[in-house]
Amino acid sequence: MKKLVVLSGAGMSAESGIKTFRDHDGLWENHDVTQVASPEGWAADPHLVLEFYNQRRKQLYETRPNEGHVGLAELENFFDVHVITQNIDDLHEQAGSSKVLHLHGELKKVRSTVDESLVYELEGWQLNWGDKCEKGSQLRPHIVWFGEAVPAIEPAIELTQQADIFVVVGTSLNVYPAAGLLNYVSRGVPIYLIDPAQPMFTPSSNITFIQEKATTGVKKLINMLKPQQ
Ligand code: APR
């Protein structure tokens, strides 16, 4: 089976009702990202940060995968599909994708503030001040904040290098190191970009631009890939 690697971003989940980041004046759900998604923000006001992610988590429990997520999961019938996502939701998993690598963390998990290897599934949507890890320190969202290392980038680079087909869905490719993954795609490997916005790439023989939303774009992708199974 050919290895098909997907890099997804916020646009993937937009039609499920989760807002993207950069279409809103740099504000994320009415917050300055540095307030809610940085170690400095956490140090300044952990209560605000906890409440912000609690609201995102609550919203996620009310959200369903869209046809784009489902289409990518169905591609597992024909390809060895690996999803690398910048999204902190679990909509790829809910849709049935079996190999999902989260670059920026996972909303439904929390971790220790003294030992980052202590990661827990959170029951329900609320993480509160005073909720502690087994070593007695406050738990924080299991999210990669701005300025923090991205430990999953190494396996993501490896997957990208091994891809026979590379698909990008719904990311503005503004945030590194995720945006740099495209540089690791092997020469000659076909790249498909699905995004309703104007392409930011000059056309080249191996890049196919599908200027569509994720739901209709993934459908078109599946039709294009059928002959290549
Ligand atoms: N389907 C597909 N793409 C869409 C849709 C849609 N329905 N709606 C919008 N888009 C596209 C936009 O045109 C844009 O190119 O999705 C992209 C969203 O870009 P960003 O908001 O910048 O999101 P993303 O690239 O995922 O951001 C990367 O930045 O804030 C951090 O950690 C956060 O993971 C996030 C990272």
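Residues numbered from 1 in each chain as written. Predicted model: local features only at pLDDT ≥ 70, side-chain atom pairs only at ≥ 80, totals over all residues. Heavy atoms only, no water.

A. Main features of unusual backbone geometry. Looking along the chain, the bond that leaves tyrosine 176 and enters proline 177 is cis, with omega of 10 degrees. Considering the arrangement of structural elements, one finds proline 177 in the loop between strand S9 (165–169) and strand S10 (191–194). Even without glycine at this site, leucine 173 takes up a positive phi of about 50 degrees. Checked against the element boundaries, leucine 173 lands in the loop between S9 and S10. You can call leucine 173 buried: its relative accessible area is 12%. (Helix = DSSP H or I, 4+ residues; strand = E, 2+ residues; numbered from the N terminus. Buried < 20%, exposed > 50% of the residue type's maximum accessible area, 1.4 Å probe, protein only.)

B. Highlighting helix H5 (residues 67–74). All buried positions along H5 are accounted for by Gly68, His69, Gly71, Leu72 and Ala73. Buried-residue contacts for H5 involve strand S1 (3–8), helix H1 (10–14), strand S4 (80–85), helix H6 (91–95) and helix H8 (214–225). Between the side-chain oxygen at the start of H5 and the backbone nitrogen of glycine 68 there is a gap of 2.7 Å, and the oxygen is on asparagine 66. (Contact = heavy atoms within 4.5 Å. Polar contact = N/O pair within 3.5 Å; in protein donor to acceptor, adjacent residues only side chain to side chain.)

C. Just the domain arrangement of the protein, in detail. When cut into domains, the protein gives domain 1 (1–17 + 65–104 + 144–229) and domain 2 (19–62 + 109–142). Between domain 1 and domain 2, the C-alpha centre-to-centre distance is 25 Å. When domain 1 packs against domain 2, close to 1300 Å² is buried across both sides, 65% of that on carbon and sulfur atoms. It is Ala10, Trp145 and Phe146 in domain 1 that bury the most area against domain 2; as a group they hold 50% of the surface buried on that side. At the surface where domain 1 touches domain 2, the tally comes to 1 salt bridge. Our count for the domain 1 to domain 2 interface comes out at 4 residue pairs in polar contact (both at pLDDT 80 or more). Counting residues per element, the side of domain 1 that touches domain 2 draws most heavily on H1, at 3 residues. Class assignment of the residues belonging to the side of domain 1 that touches domain 2 gives a composition of 8 nonpolar, 5 polar and 3 charged. (Domains from an automatic or database assignment. Buried area = accessible area lost by both parts, 1.4 Å probe. Salt bridge = Lys/Arg side-chain N within 4 Å of Asp/Glu carboxyl O. Nonpolar A, V, L, I, M, F, W, Y, C, P; charged D, E, K, R; others polar.)

D. Spatial organisation of the sheet that holds S1. Spatially, S5-S4-S1-S9-S10-S11 is the arrangement adopted by the 6 strands of the open sheet, whose pairing is parallel. Every interior strand has two partners, whereas the edge strands, strand S5 (100–102) and strand S11 (207–210), have only one. Taken over all neighbouring pairs, the strand axes of this sheet differ in orientation by 15 degrees on average, direction set aside. One ladder, built from 4 bridges, connects S9 with S10; its direction is parallel. For valine 169, the partnering residue across the bridge sits in S10 and is isoleucine 194. The strands touched by helix H7 (residues 153–162) within the sheet are S1, S4, S5 and S9, with S4 carrying the most contacts at an inclination of about 140 degrees. (Pairing = 2+ DSSP bridges. Axes fitted to C-alpha atoms, helices over the stretch in contact; angles between N-to-C directions.)

E. Geometry of the environment of alanine 156. With respect to the helices and strands, alanine 156 occurs in helix H7. By relative accessible area, alanine 156 is classed as buried at 0%. Along the chain, alanine 156 and leucine 181 lie 25 residues apart, while their C-alpha atoms are 7.7 Å from each other. Contacts of alanine 156, omitting those with residues within four sequence positions, involve Ile84, Leu101, Leu103 and Leu181.

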